[in-house]
Amino acid sequence: MLIVFLVVTLAVFTWIAPPHEVVLHNILHHLNILPFLLAGMFFGWRGALKTILLAVVLQTPSIVRHWYRVPLDAQDQVVELSTFGAAGIIAGVLSDRERLQRVRVEATKIELERVYNELQQNIEQLKKTERLTAAGQLSASLAHEIRNPLASISGAAGILARGQASLESRSECLTILTKESQRLNKLLTNFLEFARPRLPRMQSIESSELIQSVASLAEHASYSERNPLMVEVEPTPREIFCDAEQIKQLLLNLILNAMQASESEVPVLLRSSARRGWLCIDVCDQGKGIDPEDMAHIFEPFFTTKENGTGLGLAIAAQITMQHGGSLTCHPNEPRGTVFRIEVPLAAEGDRLPQ
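Residues numbered from 1 in each chain as written. Predicted model: local features only at pLDDT ≥ 70, side-chain atom pairs only at ≥ 80, totals over all residues. Heavy atoms only, no water.

Draft legend 1. Representation of the overall build of the protein within the structure. On a plain count of helices and strands, the protein comes out with 9 helices and 7 strands. Counting across all 355 residues of the protein, residues that qualify as buried make up 34%. Sequence-distant contacts, at least 24 apart, represent 72% of the contacts inside the protein between residues at least 6 apart. Total accessible area computed for the protein in this model is approximately 21,800 Å², and 60% of it derives from carbon and sulfur atoms. (Helix = DSSP H or I, 4+ residues; strand = E, 2+ residues; numbered from the N terminus. Buried < 20%, exposed > 50% of the residue type's maximum accessible area, 1.4 Å probe, protein only. Contact = heavy atoms within 4.5 Å. Areas by Shrake-Rupley, 256 points an atom, 1.4 Å probe, with all protein chains shown as cover.)

Encoded structure:
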């Protein structure tokens, strides 16, 4: 309606304006560009063409009247109608192209949203499948680990039940029952710690104090008599925000594993360093090392290379470091052995407890 109103108004004013008012006619001719461009922008080139035809029909009487009285003005009116009409059609073509592009973008957006929703559903399904698979693998592994102690307990109980065993056999059977029961208890305890980990009780602690505390605990272990522990602490005081008990237990287990893996009289190295907001704690042994094919599986539940291992120690250790926002990694030591590295973030200013 606005465009039609402009076309009609310009045609009426062009008709009623005196022919000798050349300046006024020139202004009216130039104003024709407004309805042409508006029609092209809002209705495309087809709308612009219809507007041009309407303007030509309404202004033709003025052109005919002025053709003989003021031919220069009539010619100027024809040229400007043609020029501005072409501009309106070009604007309409560009507007149509922009609308088409917008429609394509909207269609692409809808398609991407559909694909994204399908992908999210597939991811959730994969997660559910992965959880079920992991639960099945854990159950199978747990059943396998429980079967051996149960077989020993069953055999010892059968010997005792027959009542014909010697005193020495009875003592041996009781030892088997006690040992295997403890082994089962340890296995189930580790499994529950892995399956239902305790949330960390975070507090700020000085890293060298924590490391020295762990070193003192390790010195009381039986392995420390044949494998001395060397400690290299970061000289600059560093604070970490962590569950001190969990980190101590984690480090102690890694140190004991390193002592078991090392030959007699070969020291185990415990060192710390700070790098770009992270505290790195390395436990280095000089044992036989870990086979490359086993390196990718050592943090998996129930994977172990020890004869009496549960395969949950390193899995729990990795889980604890993840809860602290860090990581536990393993790589070969030089010239031999293995290095287990714990990386935890240093305490921020807001995490530090008041002294």
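Draft legend 2. Focus on the pairing of strand S5 (residues 278-284). Counting buried residues in S5 gives 6 out of 7 residues, a clear majority hidden from the surface. Two strands pair when backbone bridges link them, and strand S4 (residues 268-275) and S5 are joined in this way by 7 bridges, in the antiparallel orientation. The residue bridging Arg-275 from the neighbouring strand is Trp-278, located in S5. The pairing of S5 with strand S7 (residues 338-345) spans 7 bridges and is classified as antiparallel. If you follow Leu-279 over to S7, its bridge partner there is Val-344. (Pairing = 2+ DSSP bridges.)

Draft legend 3. View of helix H9 (residues 313-323). Leu-314, Ala-315, Ile-316, Ala-317, Ala-318, Ile-320 and Thr-321 are the residues of H9 that are buried. Positioned one or two residues after H9, Gly-325 has a phi angle of 75 degrees, which is positive.

Draft legend 4. Molecular detail of the environment of Gln-319. By secondary structure assignment, the location of Gln-319 is in helix H9. Relative accessible area serves as the criterion here: at 21%, Gln-319 is assigned to the partly exposed category. Gln-319 sits 20 residues away from Phe-299 along the chain, and the two C-alpha atoms are 9.2 Å apart.

Draft legend 5. Up close: the sheet that holds S7. Taken together, the 5 strands give an open sheet; going across it, the order is S2-S4-S5-S7-S6, and neighbouring strands pair in mixed fashion. Edge positions in the open sheet fall to strand S2 (229-232) and strand S6 (327-332), since each of these has one partner strand only. Averaged over neighbouring strand pairs, the angle between their axes works out to 20 degrees when direction is ignored. Where S6 lies against S7, 6 bridges are found, and the strand directions are antiparallel. (Axes fitted to C-alpha atoms, helices over the stretch in contact; angles between N-to-C directions.)

Draft legend 6. Main features of the pattern of salt bridges. In the structure shown here, the tally under the stated rule is 7 salt bridges. The salt bridge involving Glu-263 is made with Arg-336; its shortest N-O contact spans 3.7 Å. You can see Glu-263 sitting in the loop between helix H7 (244-261) and S4 and its partner Arg-336 sitting in the loop between S6 and S7, a full 73 residues away along the chain. For Glu-263, a relative accessible area of 45% puts it in the partly exposed group. For Arg-336, a relative accessible area of 37% translates into the label partly exposed. (Salt bridge = Lys/Arg side-chain N within 4 Å of Asp/Glu carboxyl O.)

Draft legend 7. Unusual backbone geometry, seen in detail. Look at the link from Glu-334 to Pro-335: it is a cis peptide, with omega at 10 degrees. Take Pro-335: it is sitting in the loop between S6 and S7. We note that Glu-265 has phi near 70 degrees; this positive angle belongs to a residue other than glycine. Take Glu-265: it is sitting in the loop between H7 and S4. In this model, Arg-276 sits at a positive phi of 50 degrees, which is unusual for a non-glycine residue. Looking at the secondary structure, you find Arg-276 in the loop between S4 and S5.

Draft legend 8. Geometry of the packing of helix H6 (residues 207-218) against H7. Relative to each other, H6 and H7 sit at 45 degrees, their axes nearing to 9 Å. Relative to H7, H6 is oriented oblique. As H6 packs across H7, the resulting crossing turns out to be right-handed. Contacts between H6 and H7 involve Leu-210, Ser-213, Val-214, Leu-217 and Ala-218 on the former and, on the latter, Ala-244, Ile-247, Lys-248, Leu-251, Leu-252, Ile-255 and Met-259. (Parallel < 35°, antiparallel > 145°, perpendicular 65-115°, else oblique. Left-handed = near helix turned anticlockwise from the far one by under 90°.)

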